[in-house]
Amino acid sequence: MLQDEFIQTCREIWPNLTKENYLHKTYIGVFRYFEGQARCHGNDTTFSNTLSIINCLTSTHDALFTKSSCIAATRAQFSGPVAETTVISYCERALRMMLTLDVRIDSREGFDLRDKSYTIDWGDITSLARAVEHHFLSNGRRQTRGMVTGRIDPSLSLAYLCNYRGFKVFWTSNISEHLNISWKSKIITIYEHKVFLWNHLRNSKTPIIPREILEEAIDTLNLLFPLNDRLTATLLAQNGKEFQGLGYCSRPRDLCLDLGKFNIWKDRIAELVEIMNEEPKGLKQLTLEKDGRNFLPFVTFWVAIAVALLSILNLPFSIISMQYTIKQYDLALAQACSDPNARDALPQYCSTGS
């Protein structure tokens, strides 16, 4: 994808921003995402068609009111007859570039349960905004096990969990997969396009993705990636992520430390807090955590190691001391038995065989 094509795509999605915004380093991930989507198009003509569809869907008020109106608006961008499957494919691709969401317009077969759980099911008689809202809020209510509240330890960060709890990060371009946790593999999935969330918030009074979802997603990223944190900076640099340049997007991190303020991702955050509060196991005990929370187990472990080492080091000296004592005993016995009357006085020690 050329730079001009990238800027054109950004302008179609966020028309109120300037060219200078789009060239900021925080858009590197967005460029790669658009480039990946463009590579799927196959040629310049299909990519041009997709841009015209994006323009139509973002500028026409009723285009996303219902699924049928979206399909009709997409079909209108073609000069001749087009198969229904082609229209739907273009429509889904445009929405994926606009929203970083997987919106399925037709009822396709062959998708497993995991795909369906992270896919927006757009019904026939509802708007896309309502479908997106229903997807996130229903998933949030389904996950919630109870009224989870409390203040979150400011030390919580994804880098902390990776360094001290053995977790790994998997980056996704689908916001619906955000904060998915694989307990077996110890992998936390993180949505990587913070700039998408921020742009949708500041570029529209009524974004397609409801403001509550956009704001809470930003809050989770602010919580897990604190500014001016050495471990976080190292983690992001290793993974080539530049979204820290956006700051906290006018949402101070202190506001994210109240677990009760979360709704959609509350249970996920609560689970991460539980992971952080666990005592380190195995080799993790060898390292003192930056906030000293494992100080007692750390000291206990190393004191035990020191005692064991001292015992091992003292073993040769104990052996030498024992041998020296045996030799002293043999010398004293020999001296005692050298007396002519010793055999009569000490028959059990000074026998003929001694």
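Here we summarise the structure given alongside this text. (Residues numbered from 1 in each chain as written. Predicted model: local features only at pLDDT ≥ 70, side-chain atom pairs only at ≥ 80, totals over all residues. Heavy atoms only, no water.)

Moving on, we come to the environment of A270. By the element assignment, A270 lies in helix α13 (residues 266-277). In this structure the C-alpha to C-alpha distance between A270 and I152, which are 118 residues apart in sequence, comes to 8.6 Å. (Helix = DSSP H or I, 4+ residues; strand = E, 2+ residues; numbered from the N terminus.)

Turning our eyes to something else, we now look at helix α12 (residues 230-239). Every buried residue of α12 is listed here: L231, T232, L235 and L236. In a view along the axis of α12, the buried residues occupy a sector of 130°, so they form one face of it. Among the exposed residues of α12, those oriented more than 90 degrees off its buried face are R230, A237 and Q238. Backbone geometry just after α12 places G240 at a positive phi near 65°. (Buried < 20%, exposed > 50% of the residue type's maximum accessible area, 1.4 Å probe, protein only. Arc of directions from axis to C-beta.)

Read across the open sheet, the three strands follow the order β3-β5-β4; overall the sheet is mixed. Pairing within the sheet leaves two strands with one partner each, and these edge strands are β3 (168-172) and β4 (181-182). Pairing of β3 with strand β5 (residues 187-191) involves five bridges; the strand directions are parallel. Its bridge partner lying in β5, F170 is registered against T189. (Pairing = 2+ DSSP bridges.)

The next thing to look at is helix α6 (residues 84-99). Here α6 is 16 residues long and its end C-alpha atoms lie 22 Å apart, about the 22 Å a rise of 1.5 Å per residue gives. When α6 is considered as a whole, its buried residues turn out to be V87, I88, Y90, C91, E92, R93, A94, L95, M97, M98 and L99. Backbone geometry just after α6 places T100 at a positive phi near 50°. (Expected span 1.5 Å × (residues − 1).)

It is worth spelling out the pairing of β5 at this point. For β5, the tally of buried residues reaches four of five residues, placing the bulk of the element in the interior. The pairing of β4 with β5 spans two bridges and is antiparallel. When the bridges of β5 are listed, S182 appears paired with I187. Between β4 and β5, which pair antiparallel one after the other, the connecting turn spans four residues, and K186 there sits at a positive phi close to 55°.

Turning our eyes to something else, we now look at the packing of helix α10 (residues 194-203) against helix α11 (residues 211-224). When two helices pack together, their arrangement is given by the angle between the helix axes and by the axis-to-axis distance. Put simply, α10 and α11 touch, their axes get as near as 10 Å, and they point 140° apart. It follows from the interaxial angle that α10 and α11 lie oblique. Our pair here, α10 against α11, has a crossing hand that is left-handed. Contacts between α10 and α11 involve K194, L197, W198, H200 and L201 from the former and R211, L214, E215, A217, I218, L221 and N222 from the latter. Grouping the constituent residues of the contact of α10 with α11 by class yields seven nonpolar, two polar and three charged. (Axes fitted to C-alpha atoms, helices over the stretch in contact; angles between N-to-C directions. Parallel < 35°, antiparallel > 145°, perpendicular 65-115°, else oblique. Left-handed = near helix turned anticlockwise from the far one by under 90°. Contact = heavy atoms within 4.5 Å. Nonpolar A, V, L, I, M, F, W, Y, C, P; charged D, E, K, R; others polar.)

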